[in-house]
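# Analysis of the macromolecular model
One-letter residues, chain by chain:
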Amino acid sequence: MRSISLALRVLLPMMLLFASASAVAQDDGDNLLPVTEAYKLSTDTSTPGVLKLHWTIAQDYYLYRGRMKFKGGDGITLGEASLPDGEKHHDEYLGDVETYHHGVDASIPYTAAPGTTRLALSVQYQGCHEVEPKICYPPHTEKLDLPLPADVPQVAAPAPGAPARTLGSALSQFGSKPTPTEPAAPGMDAAPLPAEQAFHFEALARTPSDLLLRWTMPKGYYLYRDQTVLHAKGLDGVTLEPQWPAGTDKDDPHYGQTTVYFGQLELPVKVQGNLDGHKQLEIEASFQGCQDGGLCYPLMTQAVSVDLGGGVATGTTTDGPAPQARPASSAPLDVSLWSALLLALGGGLVLNLMPCVLPVLSIKAIGLIEGGESPARRRGHALMYSAGVMLSFIALGLVIISLKQAWGSQMQNPVVVAMLALVMLAVALSMSGVVQFGASLGNTGSSLANRSGPIGDFFTGVLAVVVASPCTAPFMGTALAYAFAAPTVNALLVFVMLGLGLSLPFLAIGYIPALGRLLPRPGAWMETLKQVLAFPMYLAAAWLAWVLANQRGADAVGLLLVAAVMLSMTLWWFERSRMRGPLSRICVLLPLVLAIAPVYVMHRLPAAGRNSGATADGIVAFTPAKLEELRKAGTPVFVDMTADWCITCKANEHAVLDTDAFRAQLKQAGAVYMKGDWTNEDPAITAFLQQYHTPGVPLYVYFPKGDGPGRKLPTVLTASLVERALAQE
């Protein structure tokens, strides 16, 4: 059973998430003036009680009248600013506005509280460059600290709690009274954020050839798809191919009909070209976005250096301070902690009935039957098995939460699949009598069996979790989605409850005497049963070999067969060396190394070619661009995210999706069946799963006719459920 421990260690590959920040850089910056040179502000305090401001506006620049704001500092109360009428015209973003060219004067009355010696205030203004490059500056604030002239009108501070005498004086307690402005455009109630806050840019290398770029924007901000350009700096022949997800169609007054993204954009990017010898990839991303109904930012450029080995991304902008790390954003919590725990318990309980766990349960069945003659031994079996299950779920949960990995994603690693196949083979050979990991069934009273029995039970629980990880039972999806977004302690509680649910039947048999009495009495027939139950383990190894063939092709299966033969030799020699000397036992290491070597070579094999177009059955391969094209045409789409190692996916396909009835329903609804294959890692599919807050495959989403949102279906399908979904409009 020691191979199981090795398989578990391979199961948990470490990846590092990342954090980087961005700052603004202007396109063609040499042709644009700094904001304080484009709009030079001067002051005049010679008139007591009145502050005079003057802006000298450079050629080809203008200021918005309605974007000027004034706020008094400590002890200073500002009156209503006096501004001249501006040039009236219609702005494509702000509607009807007034602007100033060349220069403008403003007068602001003010009073000072007793003891105030400085005239402190802040002045905010905003303007644009009206020739190429046409850009609008973000709102700029200048803080003024001027000497307070003599004979300035002073007002006594109101008594605490005293009401303001007029509405104007009440407003003045919070700053200046707003100046008359043009009607605010939608989304412009708040001043635009600095660009580095409005468009937060990050990058991640999942593999050297697969990147994931992420832009995070506050509510009310969007990013243009067609204004985004990606470039690999310093590498000739290396290109970056973005795989754009579906966005929002927008009739833009400047760019016409275009696609934009709100909230968060996760963009999978394929790296094409030779990266041999390069551990770092420097990406230069240029992009542009706007505040919805408000101002557009200048073209921004971000240089990001990505570690191709560990997946860590550090970014530096072409201008501005160094970025700071930020934690990954969380998905919304749609259920309470107690609901998530109950769902996790139910999901773990139902997991016992899923086909992926059945081969391991056959091992556990032998242990329970062996312990049938003694309640104490039965409880010991149940406790050690449960300990292995729950500790493994906690370890798996820690890795998944810390690395933000999807449930079951370790099965995308061909080395993990191969190791699991070899573990299944080793366990099956043991059950067939080729090798004994401990004492035989006839020596149940010996000290060796007492020592090895609990260890075997514990690692049976570990193996159950390893094999169960590709499966998703009913109730598990919501619980796991909660765990990915919840605080770490709450998330770990969810994984504990999953483990408790998986081990609950065996705990019940161990601690409820009435259930224990239902077990058959031990006898010689158990050896035959043990050997019969070895065949599901052989079948599990064969299934994993098929998965490996789909991941890395026939060469990988050939290597696995070589490893299986060497593992069988290792176990055969291990059994023969029991009664021999130490040298004979040491020789067991040689075939063991020869068994591991092909697995090591396996990860170097290229991924097997997958069908990227339409299949013979009319199934369309998933790509974000194709989905967007179908959605624009108003075509209903049934999206199926699956994987060859996902047993739940295969069960749904056999029961529902590969039937004539389902194909007839698709034809009647005029819908397209689109399938995404997550057998190997695919950043575009990963991004789609994250969009629907799904911890792994399967994921089924139906997009009805028109532009309505996708409707997520349960993980376990029935024919009637799918029929109702396709019938909805």
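Calculation notes
Residues numbered from 1 in each chain as written. Predicted model: local features only at pLDDT ≥ 70, side-chain atom pairs only at ≥ 80, totals over all residues. Heavy atoms only, no water. Disulfide = S-S within 2.5 Å. Buried < 20%, exposed > 50% of the residue type's maximum accessible area, 1.4 Å probe, protein only. Helix = DSSP H or I, 4+ residues; strand = E, 2+ residues; numbered from the N terminus. Contact = heavy atoms within 4.5 Å. Pairing = 2+ DSSP bridges. Salt bridge = Lys/Arg side-chain N within 4 Å of Asp/Glu carboxyl O. Patch = residues over 30% accessible without salt bridge, like charges linked within 9 Å, V, L, I, M, F, W, Y side chains within 5 Å. Areas by Shrake-Rupley, 256 points an atom, 1.4 Å probe, with all protein chains shown as cover. Axes fitted to C-alpha atoms, helices over the stretch in contact; angles between N-to-C directions. Parallel < 35°, antiparallel > 145°, perpendicular 65-115°, else oblique. Left-handed = near helix turned anticlockwise from the far one by under 90°. Nonpolar A, V, L, I, M, F, W, Y, C, P; charged D, E, K, R; others polar. Phe/Tyr/Trp six-rings, centres within 6.5 Å; stacked < 30°, edge-to-face > 60°. pLDDT = per-residue confidence, 0-100.

## Considerations on the state of the cysteines
- Evaluated as defined, the whole model comprises two disulfides.
- Across the disulfide, C128 is cross-linked to C136 (sulfur-sulfur distance 2.1 Å). Its torsion about the S-S bond being 95°, the disulfide of C128 and C136 is classed as right-handed. Neither C128 nor C136 differs from the other in exposure class; each is buried.
- The disulfide that involves C646 links it to C649, with 2.2 Å between the sulfurs. Given an S-S torsion of about 80°, the disulfide between C646 and C649 has right-handed geometry.
- With a relative accessible area of 0%, C649 lands in the buried category.

## Here's the deal with the side chain of R631
- Along the polypeptide, R631 turns up in helix α17 (residues 624–632).
- Exposure remark for R631: the relative accessible area of 15% places this residue in the buried category.
- The residues touching R631, leaving out its near neighbours within four places in the chain, are F703, P704, G706, D707 and G708.

## Some details on the pairing of strand β13 (residues 200–207)
- Extensive coverage of β13 is indicated by the burial of seven of its eight residues.
- Here β13 pairs with strand β14 (residues 210–216) via seven bridges, running antiparallel. Residue A205 lies in a different strand from β14, and its bridge partner there is L211.
- A loop of two residues connects β13 with β14, the two strands running antiparallel in sequence.

## Observations regarding the pattern of salt bridges
- A full pass over the atoms with the stated rule returns 17 salt bridges.
- Between R225 and D226 there is a salt bridge, with its nearest N and O atoms 3.1 Å apart.
- Residue R225 is classed as buried on the basis of its relative accessible area of 19%.
- In this structure, K632 engages D249 in a salt bridge whose closest nitrogen and oxygen atoms are separated by 4.0 Å. With K632 in helix α17 and D249 in strand β18 (residues 248–252), this pair connects stretches of sequence that are 383 residues apart.
- The class of K632 is partly exposed, set by a relative accessible area of 48%.
- Here the salt bridges share partners, and the residues they tie into one network are R225, D226, D249, E628 and K632.

## With respect to a nonpolar patch on the surface
- Side chains of I586, L589, L592 and I596 sit close together on the surface and give an oily, nonpolar patch of about 340 Å² of accessible area.
- For I596, the position within the fold is in helix α16 (residues 589–602).

## With respect to the sheet that holds strand β15 (residues 221–224)
- Strand order across the open sheet formed by four strands is β18-β19-β15-β22, with antiparallel pairing between neighbours. Looking at which strands have only one partner, the edges of the open sheet turn out to be β18 and β22 (289–291). Neighbour-to-neighbour, the strand axes of the sheet open up by a mean angle of 40°, direction not taken into account.
- Where β15 lies against strand β19 (residues 256–262), three bridges are found, and the strand directions are antiparallel.

## So, the sheet that holds strand β29 (residues 711–713)
- Spatially, β25-β27-β26-β28-β29 is the arrangement adopted by the five strands of the open sheet, whose pairing is mixed. In this open sheet, the two strands that pair with only one neighbour each are β25 (620–621) and β29.
- Across two bridges, the pairing between β25 and strand β27 (residues 672–677) is parallel. Note that in β27 the partner of A621 across the bridge is K675.
- Across the sheet, helix α21 (residues 719–727) is in contact with β26 (637–642), β28 (699–703) and β29; its angle to β29 comes to roughly 175°.

## Considering the packing of helix α8 (residues 414–431) against helix α14 (residues 534–576)
- Put simply, α8 and α14 touch, their axes get as near as 6 Å, and they point 30° apart. Viewed along their axes, α8 and α14 adopt a mutual orientation that is roughly parallel. Between α8 and α14 lies a crossing whose hand is right-handed.
- In terms of residue class, the contact of α8 with α14 is built from 26 nonpolar, two polar and one charged.

## Quick notes on the environment of V229
- With respect to the element layout, V229 can be found in strand β16 (residues 229–232).
- Of the residues examined, V229 reaches a relative accessible area of 52% and is grouped as exposed.

## A short note on the pairing of strand β2 (residues 50–57)
- Burial along β2 is one-sided: L51, L53, W55 and I57 are buried, and none of V50, K52, H54 and T56, which face the opposite way, are.
- Bridge count between strand β1 (residues 39–44) and β2: six bridges; the pairing is antiparallel. Across the sheet, residue L41 finds its bridge partner in β2, namely W55.
- Where β1 folds back on β2, the antiparallel hairpin that results is connected by five residues, among which G49 adopts a positive phi of roughly 80°.
- Of the pairings in the sheet, the one linking β2 to strand β8 (residues 103–112) comprises seven bridges and is antiparallel in character. Considered in β8, the bridge of W55 is made with V104.

## What about the packing of aromatic side chains?
- Going through the model one piece at a time under the given rule, you end up with 22 aromatic pairs.
- Aromatic pair Y39 and Y61: ring centres 6.0 Å apart, planes at 90°, arrangement edge-to-face. Pair noted here: Y39 is in strand β1 and Y61 is in strand β3 (residues 61–64), with a separation of 22 residues, a long-range link. Per residue, the accessibility class of Y39 equals that of Y61, and both read buried.
- Note on Y385 and F506: the rings are 4.8 Å apart at their centroids and 65° apart in plane angle, and the pair reads as edge-to-face. With Y385 in helix α7 (residues 375–403) and F506 in helix α11 (residues 488–511), the pair connects residues that are 121 residues apart, well separated along the chain.

## Digging into the side chain of T686
- With respect to the secondary-structure elements, T686 resides in helix α20 (residues 683–691).
- Those residues in contact with T686 that lie beyond four places of it in its chain are R206 and W678.

## Notes on α20
- Among the nine residues in α20, seven count as buried, and that is most of the element.
- Of all the residues in α20, the buried ones are P683, A684, I685, T686, A687, F688 and L689.
- The first or second residue beyond α20 is H693, which carries a positive phi of 50°.

## A short note on the confidence of the model for the protein chain
- Averaged over all residues, the pLDDT of the protein chain is 75; the fraction at 70 or higher stands at 74%.
- Averaged pLDDT values over the elements of the protein chain bottom out at 34 in helix α3 (residues 167–172) and peak at 93 in β26.
- Every residue in residues 156–189 scores below 50 in pLDDT, and together they form 38 contacts with partners more than four places removed in sequence or on other chains.
- Low confidence marks residues 438–452, where pLDDT is under 50. Its contacts with residues over four positions away, or in another chain, come to 17 contacts.

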